[in-house]
Amino acid sequence: MARFSALLACSLLGATPALADRVFVSNEKGNDITVLDGTTFEVIHTFNGGQRPRGITASPDGKVIYVCASDDNLVRVFDAHTYEELPSLPSGPDPELFVLHPSGNPLYIANEDDNIVTVVDVETRQVLAEVPVGVEPEGMGVSPDGKIVINTSETTNMAHFIDTETFEIVQNVLVDQRPRFAQFMADGSALLVSSEIGGTVSVIDPATAQVTHKIEFEVPGVLPEALQPVGVRATQDGSKVFVALGPANRVAVIDPATWEVTDYLLVGQRVWQLAFSPDDKYLFTTNGNSNDVSVIDVATNEVIKSVQVGQQPWGVVVVAE
Amino acid sequence: MRLIWTALCGAAAFAPGLALAQSEIRAAVLRVDVQQVAPVSRLDLPPEDLGIAGGRVGTADNATTGQFMGQSFTTAEVIATPETAVAELQKLIEGGTHFIVTLADAATTLQLADAAGDTALLFNARATEDRLRNEDCRANLLHTAASDAQLTDALAQFLMWKKWDEWFLVEGSRPEDTALADAYRRAAAKFGAEITESRVFEDTGGARSTDSGHVQIQAQIPVFTQRAEDHDVVVAADATGWFAAYLPYHTWEARPVAGSAGLRPQTWHPASEAWGGTQFQSRFEKSAGRPAREEDYQVWEAMRALGEAATRSQSGEFATLAAYIRGPELKLAAYKGQDLSFRDWDGQLRQPILLTSGPITTSVSPQAEYLHQVTQLDTLGHDRAESKCMLTK
């Protein structure tokens, strides 16, 4: 009987190969989304992602994929299982990156060309608010308690703290040049903001809105100008932070206890965004110039595989089964 | 007055976290127009708002940031002639404007700098002449326009990378063409290229590509370039764009053209989309209704240097801002993949140079192989040791 169950399970697996984690990669130039099997890292599907798909995220239940289709000026929505396109969300012009409230609604979208953050209800598909921010809004982060959304403005060089109830800016923190990404530690103790041209990651105390530390990067044989921090992700247990270093083709590993860089991992070319598997076992990187995704073993800091995806991969999100 | 007050109120509402004194930072763009021969192509005709449009985008960028800092930015726009330029400048300074971006030829730029004295900081956003960064440099004059030496070094590095080290230099007969050709001679010597032959293209005032002019050009240019010494590339020195565009495809030998036509060293190009450049392009095009020119970008750079200084120093004081702009702390992000700053010895903005070929950016200098003890950007143009400017020596 046990044997029969196993056989049944096997045949079910065969029939619905979607029983592993799946990795969704937005390809900015290819205008499509590549889906990888999260265990074998094989490409299992590719579907149309709209014009210039960049930011990509998933609903907390893993059922829906949201994509910033920048040149369509809307957020495209897909069923994470069937890959069918669902009704789009309004986004404001040129959406680049967004963040979903921890509850799954609403969606906070950075409108790069219009200096605003658009707040959209994903159920009613209505715009709830437009928050004026600095020039070239890009990075979007949300505090674990969902009370504060962070937007970084690339030419104003600030992290703007937006109250998620009033949609008003409550704090502005000046950081180094061209802030690209905002990421809270899972326990809410620190906010990390990467600065692409400044070459640093600012560690901000969310309680005081003060920069308490600046992480700098140095790789022998790599020009300092090439060390351009973009994507930032922290493990759920708070033990490691990973920072994508753009044209340096490396991901830095940081110990949050000291904010020291402990390792640099060589990945594909122009690494921008990062996403963990739901169990934090793997980290996936999008490498825009080599058109591939690198897979990092989070426990060992080893780059274990690279997978060719579409043209100019930009964003990545992983959905659990 | 009421307008200003409104702006300040808005600023106060938006500035939580950065409790600051409110200040208004005033700048001006002063363009000095001279009568010039029209460029070879009508695509290169100067738009009416040349440079001014870049200032508008820069001011809007600064104002957006300023609302979070309690700072407002206003920019006056003045178009003058060489005869009225100094008077207009003095009017601006007397009216309390101390940051002035100039779009003028070298001689007028110098006149303006001398008239401004230490009461203003000028940004030269047009004149490329090397003398303004050397023997004729001024303490109150910064340059966001690249120097001829920066531009020619940028092209030279690429040609050397290609191993196209034998150049046929074709220079125009006007004084500004000679100055540019001198910059190419300097670049060739600096990077080890050989100018196997140079010829002067005389301005005889004829044969434009209008009507049947192209027939004459098709006959004239091959003859003009015939029997030159062996060369890998034709390098054209045409400072105002009056003949170089005739060279590609008409040269006697099948050789690529670079310099003032073909592969061109430029601070900006409307196709540049690297390093977030697309965002500048779309912001500019939305505002101006046309693609950005180098002059627009160079005025924008000056405005953003001022804005960055105001944000970082959290000041509206002339002396504080001017010191910050000149100082080592300025890290200007300008869609070039690295931060930019002004050289303390000659006031020149160090910046990567795009090498463009019609629809795209073909390469960007400095080339990775040319290293430098301070910054690779200082492999372009006159480095500290070779500068004839005595600002900090």
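Residues numbered from 1 in each chain as written. Chains lettered and ligands numbered in written order. Predicted model: local features only at pLDDT ≥ 70, side-chain atom pairs only at ≥ 80, totals over all residues. Heavy atoms only, no water.

(A) Region of the structure containing the overall build of chain B. Looking only at helices and strands, chain B features ten helices and 15 strands. For chain B, whose C-alpha radius of gyration is 22 Å, the value lies close to the compact-globule estimate of 21 Å for 393 residues. Dimensions of chain B, computed from the C-alpha atoms along their principal axes, are close to 70 × 50 × 40 Å. Counting over 393 residues, chain B shows a buried share of 56%. (Helix = DSSP H or I, 4+ residues; strand = E, 2+ residues; numbered from the N terminus. Rg over C-alpha atoms; globule rule 2.2 N^0.38 Å. Buried < 20%, exposed > 50% of the residue type's maximum accessible area, 1.4 Å probe, protein only.)

(B) View of the pairing of strand β11 (residues 127-132) of chain A. All names here are of chain A. In terms of strand pairing, strand β10 (residues 116-120) meets β11 through five bridges, oriented antiparallel. If you follow Val120 over to β11, its bridge partner there is Val127. Between β10 and β11, which pair antiparallel in sequence order, lie six residues; one of them, Arg125, sits at a positive phi of approximately 60 degrees. (Pairing = 2+ DSSP bridges.)

(C) Just the confidence of the model for chain A, in detail. Per-residue pLDDT for chain A averages 94, and the proportion of residues at 70 or more is 94%. Across residues 1-18 of chain A the pLDDT falls below 50, and counting only partners more than four positions away or on other chains, this stretch makes three contacts in the model. (pLDDT = per-residue confidence, 0-100. Contact = heavy atoms within 4.5 Å.)

(D) Structural context of the interface of chain B and chain A. Between chain B and chain A, the residue contacts involve 31 residues of the former and 31 residues of the latter. Interface area, chain B with chain A, both sides summed: about 2,500 Å², of which 51% is carbon and sulfur. If you look at where chain B meets chain A, you find three salt bridges. Between Lys29 of chain A and Glu273 of chain B there is a salt bridge, and its shortest N-O distance comes to 3.8 Å. Between the two partners, chain B and chain A, sit 15 residue pairs in polar contact (both at pLDDT 80 or more). Mapped by element, the contributors of at least two residues to the side of chain B that touches chain A are α2 (52-66), α8 (277-288) and α9 (294-313) of chain B. Residue contributions to the side of chain B that touches chain A peak at five residues, all from α8 of chain B. (Buried area = accessible area lost by both parts, 1.4 Å probe. Salt bridge = Lys/Arg side-chain N within 4 Å of Asp/Glu carboxyl O. Polar contact = N/O pair within 3.5 Å; in protein donor to acceptor, adjacent residues only side chain to side chain.)

(E) Highlighting the nonpolar core. Residue and element names in this part refer to chain B. Ranked by size, the top nonpolar core spans 40 residues in total, and within it Phe99, Val101, Phe123, Phe280, Ile325 and Phe342 carry the most contacts. Listing elements by their share of this core, those giving two or more residues are β1 (23-32), α2, β3 (99-103), β4 (121-124), α8, α9, α10 (318-326) and β12 (339-342). At nine residues, α9 tops the list of elements feeding residues into this core. (Core = buried A, V, L, I, M, F, W, Y, C linked by side-chain atoms within 4.5 Å.)

(F) Layout of the state of the cysteines. Residues and elements named next belong to chain B. Going through the model one piece at a time under the given rule, you end up with one disulfide over all chains. Here Cys137 is linked by a disulfide to Cys389, with a sulfur-sulfur distance of 2.0 Å. Negative torsions about the S-S bond denote left-handed disulfides, and the value of about 85 degrees found for Cys137 with Cys389 makes this one right-handed. Note that Cys137 is positioned in the loop between β4 and β5 (141-143) and Cys389 in the segment after β15 (360-365), a separation of 252 residues in sequence. By relative accessible area, which is 14% here, Cys137 ends up buried. (Disulfide = S-S within 2.5 Å.)

(G) Broad picture of the pattern of salt bridges. On inspection of all chains with the given rule, the structure shows 37 salt bridges over all chains. Across the salt bridge formed by Arg283 of chain B and Glu136 of chain A, the nearest N and O atoms sit 2.6 Å from each other. Of this pair, Arg283 of chain B sits in helix α8 while Glu136 of chain A sits in the loop between β11 and β12 (137-142), each in a different chain. One exposure class covers both Arg283 of chain B and Glu136 of chain A, and it is buried. Residue Glu138 of chain A is joined to Arg180 of chain A by a salt bridge in which the shortest nitrogen-to-oxygen separation is 2.7 Å. Taken together, the residues span a long stretch of sequence, with Glu138 of chain A in strand β12 and Arg180 of chain A in strand β16 (residues 179-184) at a distance of 42 residues.

(H) Structural context of the domain arrangement of chain B. Residue and element names in this part refer to chain B. According to the domain assignment, chain B contains domain 1 (2-146 + 269-351) and domain 2 (149-265). Computed over C-alpha atoms only, the centres of domain 1 and domain 2 are separated by 32 Å. If you look at the interface, domain 1 gives 15 residues, while domain 2 gives 15 residues. For the pairing of domain 1 and domain 2, the buried interface totals around 1,100 Å² over both sides, and the portion due to carbon and sulfur atoms is 48%. (Domains from an automatic or database assignment.)

(I) Fine view of the confidence of the model for chain B. Across chain B, the average pLDDT comes to 91, with 91% of residues at or above 70. Under a pLDDT of 50 for its full length, residues 1-14 of chain B has, in the predicted model, twelve contacts with residues more than four places off or in other chains.

(J) Quick look at helix α4 (residues 106-116) of chain B. Residues and elements named next belong to chain B. Restricting attention to buried positions, one finds in α4 the residues Ala106, Thr108, Thr109, Leu110, Leu112, Ala113 and Ala116. Taken together, the buried residues of α4 touch β1, α3 (85-94), β3, β4 and β5. Note on α4: the residue one or two positions beyond its end, Gly117, has a positive phi of about 60 degrees.

(K) Here's a closer look at the UniProt feature "domain: YNCE-like beta-propeller" (unreviewed entry) in chain A. When the UniProt feature table is mapped to this numbering, "domain: YNCE-like beta-propeller" (unreviewed entry) covers residues 220-313 of chain A. From the first C-alpha to the last, residues 220-313 of chain A spans 27 Å; its make-up is 0% helix and 49% strand. (UniProt positions renumbered as here; feature names shortened; annotations may be inferred.)

(L) Structural context of the sheet that holds strand β14 (residues 158-163) of chain A. All names here are of chain A. Reading across from one edge, β12-β13-β14-β15 is the order of the four strands in this open sheet, with antiparallel pairing throughout. A single partner strand is all that each edge strand has here, and the edge strands are β12 and β15 (169-174). Direction aside, neighbouring strands of the sheet carry axes that sit 20 degrees apart on average. (Axes fitted to C-alpha atoms, helices over the stretch in contact; angles between N-to-C directions.)

(M) The arrangement of a negative patch on the surface in detail. Residue and element names in this part refer to chain B. A surface patch of like charges, here negative, comprises Asp165, Glu194, Glu229, Asp230 and Glu253. Summarising the element assignment, Glu194 is placed in strand β7 (residues 194-201). Judged by its relative accessible area of 45%, Glu194 falls in the partly exposed class. (Patch = residues over 30% accessible without salt bridge, like charges linked within 9 Å, V, L, I, M, F, W, Y side chains within 5 Å. Areas by Shrake-Rupley, 256 points an atom, 1.4 Å probe, with all protein chains shown as cover. Lys, Arg positive; Asp, Glu negative; His and termini not counted. Charge placed at Lys NZ, Arg CZ, Asp CG, Glu CD.)

(N) Up close: the side chain of Thr286 of chain A. Residues and elements named next belong to chain A. Here Thr286 lies in strand β25 (residues 282-287). Here Trp314 takes part through its backbone oxygen, which lies 2.8 Å from a polar atom of the side chain of Thr286. Each residue touching Thr286, except ones within four places of it in the same chain, is listed here: Val25, Arg270, Val271, Trp272, Gln273, Asp292, Pro313, Trp314, Gly315 and Val316.

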